[in-house]
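Notes for the structure review
Listed below, chain by chain, are the residues.
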Amino acid sequence: MYGYRRLVEPEREVKFLVGTDEHGLKIQQAATKAALGGKDGSVDVKKFCDELSQVFQNLSHKANISYTTFARTTQDRHRVVVEHVWRTLNEKGYIYKGEYEGWYSITDECFYTTKQVVQTPESLADPNSEPVYVSKETGSRVEWSKEYNYMFRLSAFRDALLLHYSKNDKPSRTTVFPPQYNSVVTQMLSADLAPSSEEPLLADISISRPRSRLTWGMQVPDDPEHTVYVWFDALLIYLSGVGYSKTTPGAAIGWPADLQIIGKDILRFHAIYLPAILLALSGPRYSELANASPPKLLDSPSPGLPGRLLTHAHWTVSQAKMSKSVGNVVDPVQSMEKYGVDIVRFYLARVGGRFRDDVDWSFEQLEKHSKELQSLVGNYLLRVASARITATAAKGREQLPTVGKLGEPLHPLNAELALAAAALPSKVKQNMDNLEVAEALIATLDVLKLANKVITDIAPWAKTCEPAVVYETRQTALFTLRVAGICLRPFIPSTVENLLDALGLEASERTWESIAALEKDGGEERWKERGVQGVRLF
């Protein structure tokens, strides 16, 4: 999405924030386990995080992901923002101390209510075993915990959030995509799903852990006995990552975000917890909140709520979630080294770009889509740029003064292809603007499939094919490659760059603007002469 936005709006500054969440009990335990192999068994959690964060940075570079900011929750600038937000919410009355008990998941780093967990079938079947409970949302194991922590008044924002996700009639409203996940959020907030009176519909949440249980994390401001809850800390990385501070309003640094991309298992944190924190920051004091109607609260100024929340499903292996303990994790680096970076990027977008349902990783499918892309783009370029077709097309060009190169098409299949290619940018833009990534790719592939069929049916390499038709076929094919290539640029950038080089295109001819307003059959752009080279793209 970042590459697409830069392509269609090159004059606009686009920020792409990625990063690593490095605090919490899970990290603390992982670092302790990793240190067991050391000479003295000491635990340097910061060093562990440094090495782990570098792995993700290296992966981003390997995958040709050109982010603008890589943020870490262990950075000083992030700590400053967390402390500022905590003190602000505390001063406004949104934080209080209270006893909190519930089911806690170390894996998910969060508490669950009784309604949100279930006993596993295995422990139910064995009456002699200890009961084992897991989260209904994620399947992660949970354990009962009772603590005296700092609490955030999440319940105060239920009505505003329900209105926010129920009525998307204003640009300021957040849209959760795909729509099924917007329904999940409203169900979390809706009164008709309220559990028993013992469990409030939207309960206040614990935002700290006792320091005795969790040492790896930020200390609660002015209280050395408590550590800031990992999700309260982590969610604020969106603000610290773009430069938010108590003196810098959100609009000045590009907040609120136009788009946030998250996994379905952390939807609750991003769709409910973060917006509530932002509303508490921008809204009135808690003592005055009753006087602020939900619409008025939602219209509060900076920092504001995000525009769209793209929620994706998971990649699985044999319909099971990837897990190191199970041993079914796919190494993306190995896959990129074997198949190529662009091939893996294409596969991920082509197969996983509908976001609605979990998708099974398959090397067989990766191989299939790799061959598809090589055939539709790579082999097609070699066919079009072959010496034989190039030479015959040159003879055909000389006949055009008598035939009329801008007159009636010489072959109806070329006319059909030219129309399809010229219409492609609008289809791709519509799909990408609607976050239908896979559909945008499919639309592009459909044009390329048509292009390959057209050249096969016309057979411009045949001696019986008129030189003028060969010329028309070649020019139409090159025009199609240019348009399709630019549309593919966000997905396979390195390959497309090589393709556009091979087509002999100037910088101004590689832009989205250059193909976005084409005449219905390509017009004169279709007939421009350029030095084309037949090169291998894969």
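Residues numbered from 1 in each chain as written. Predicted model: local features only at pLDDT ≥ 70, side-chain atom pairs only at ≥ 80, totals over all residues. Heavy atoms only, no water.

Remarks on the packing of helix α13 (residues 341-352) against helix α14 (residues 363-384)
- Contact geometry for α13 and α14: axes closest at 10 Å, N-to-C directions at 105 degrees. Regarding the angle of α13 to α14, the classification is roughly perpendicular. Only Gln365, Leu366, His369, Ser370, Glu372 and Leu373 of α14 make contact with α13, whose side of the interface consists of Ile343, Val344, Phe346, Tyr347, Arg350 and Val351.
- For the contact of α13 with α14, the per-class residue count stands at seven nonpolar, three polar and two charged. (Axes fitted to C-alpha atoms, helices over the stretch in contact; angles between N-to-C directions. Helix = DSSP H or I, 4+ residues; strand = E, 2+ residues; numbered from the N terminus. Parallel < 35°, antiparallel > 145°, perpendicular 65-115°, else oblique. Contact = heavy atoms within 4.5 Å. Nonpolar A, V, L, I, M, F, W, Y, C, P; charged D, E, K, R; others polar.)

So, unusual backbone geometry
- Residue Pro178 is reached from Phe177 by a cis peptide bond, and omega for that bond is -5 degrees.
- Turning to its location among the elements, Pro178 is positioned in the loop between β8 (175-177) and α7 (179-189).
- If you check the backbone angles, Asn64 has positive phi at about 60 degrees while not being a glycine.
- Take Asn64: it is sitting in the loop between α3 (45-62) and β2 (69-72).

Side note on the sheet that holds strand β15 (residues 315-317)
- The mixed open sheet is built from three strands, whose spatial order is β16-β15-β17. Two strands in the sheet have a free side with no partner beyond their single neighbour: β16 (320-321) and β17 (359-360).
- With two bridges connecting them, β15 and β16 associate as antiparallel partners. Its bridge partner being in β16, Thr316 is matched across the sheet by Lys321.
- Its contacts with the sheet place α13 against β15 and β17, and it is angled at close to 100 degrees to β15. (Pairing = 2+ DSSP bridges.)

Regarding the sheet that holds strand β13 (residues 259-263)
- The strand order across the open sheet formed by three strands is β8-β14-β13, and the pairing between neighbours is parallel. Either end of the sheet is taken by a strand with one partner, and the two such strands are β8 and β13. Each strand of the sheet is rotated relative to its neighbour by a mean of 20 degrees, with strand direction disregarded.
- Sheet topology note: the β8/strand β14 (residues 308-312) ladder contains three bridges and is parallel. Bridged to Phe177 within β14 is Leu310.

Things to note about the environment of Asn498
- Considering the arrangement of structural elements, one finds Asn498 in helix α19 (residues 493-502).
- Classification of Asn498 as partly exposed rests on a relative accessible area of 41%.
- Considered as a pair, Asn498 and Gly485 are 13 residues apart in the sequence and their alpha carbons are 9.9 Å apart. (Buried < 20%, exposed > 50% of the residue type's maximum accessible area, 1.4 Å probe, protein only.)

Considering the packing of aromatic side chains
- Using the criterion set out here, one finds 19 aromatic pairs in the structure.
- Their ring planes at 80 degrees and their centres at 5.2 Å tell us that Trp103 and Trp144 sit as a pair that is edge-to-face. Taken as a pair, Trp103 in strand β3 (residues 95-105) and Trp144 in strand β7 (residues 141-152) lie far apart in primary sequence, 41 residues in all.
- By the ring-pair criterion, three or more aromatic residues cluster together here, those being Tyr94, Phe152, Phe157 and Tyr286. (Phe/Tyr/Trp six-rings, centres within 6.5 Å; stacked < 30°, edge-to-face > 60°.)

Digging into helix α16 (residues 412-433)
- Compared with an ideal rise of 1.5 Å per residue, which puts 22 residues at 32 Å, α16 spans 32 Å between its outermost C-alpha atoms and is within 8% of the ideal.
- Its axis deflected by about 35 degrees at Leu424, α16 carries its strongest bend there, up to four residues before the proline Pro425.
- For α16, the complete set of buried residues consists of Asn414, Leu417, Ala418, Ala421, Ala422, Leu424, Pro425, Val428, Asn431 and Met432.
- If you follow the buried residues of α16, they end up packed against α1 (2-8), α14, α17 (437-458), α18 (467-488) and α20 (513-516).
- Downstream of α16 by one or two residues, Leu435 has phi in the positive range, about 65 degrees. (Expected span 1.5 Å × (residues − 1). Bend = angle between axes of the 7 residues up to and from the residue.)

Focus: the confidence of the model for the chain
- Scored by pLDDT, the chain has a mean of 89; 93% of the residues are at 70 or more.
- Here residues 193-197 is modelled with pLDDT under 50, and outside its nearest four sequence neighbours on either side it reaches seven contacts, counting other chains as well. (pLDDT = per-residue confidence, 0-100.)

So, the pairing of β14
- Pairing of β13 with β14, which is carried by five bridges, proceeds in the parallel orientation. Paired with Leu259 across the two strands is Arg308, which belongs to β14.

Remarks on helix α2 (residues 25-35)
- Taken together, the buried positions of α2 are Leu25, Ile27, Gln28, Ala31 and Ala35. Down the axis, α2 shows its buried residues gathered within 165 degrees of arc, on one side only.
- Looking at the buried positions of α2, the neighbouring elements they touch are α3. (Arc of directions from axis to C-beta.)

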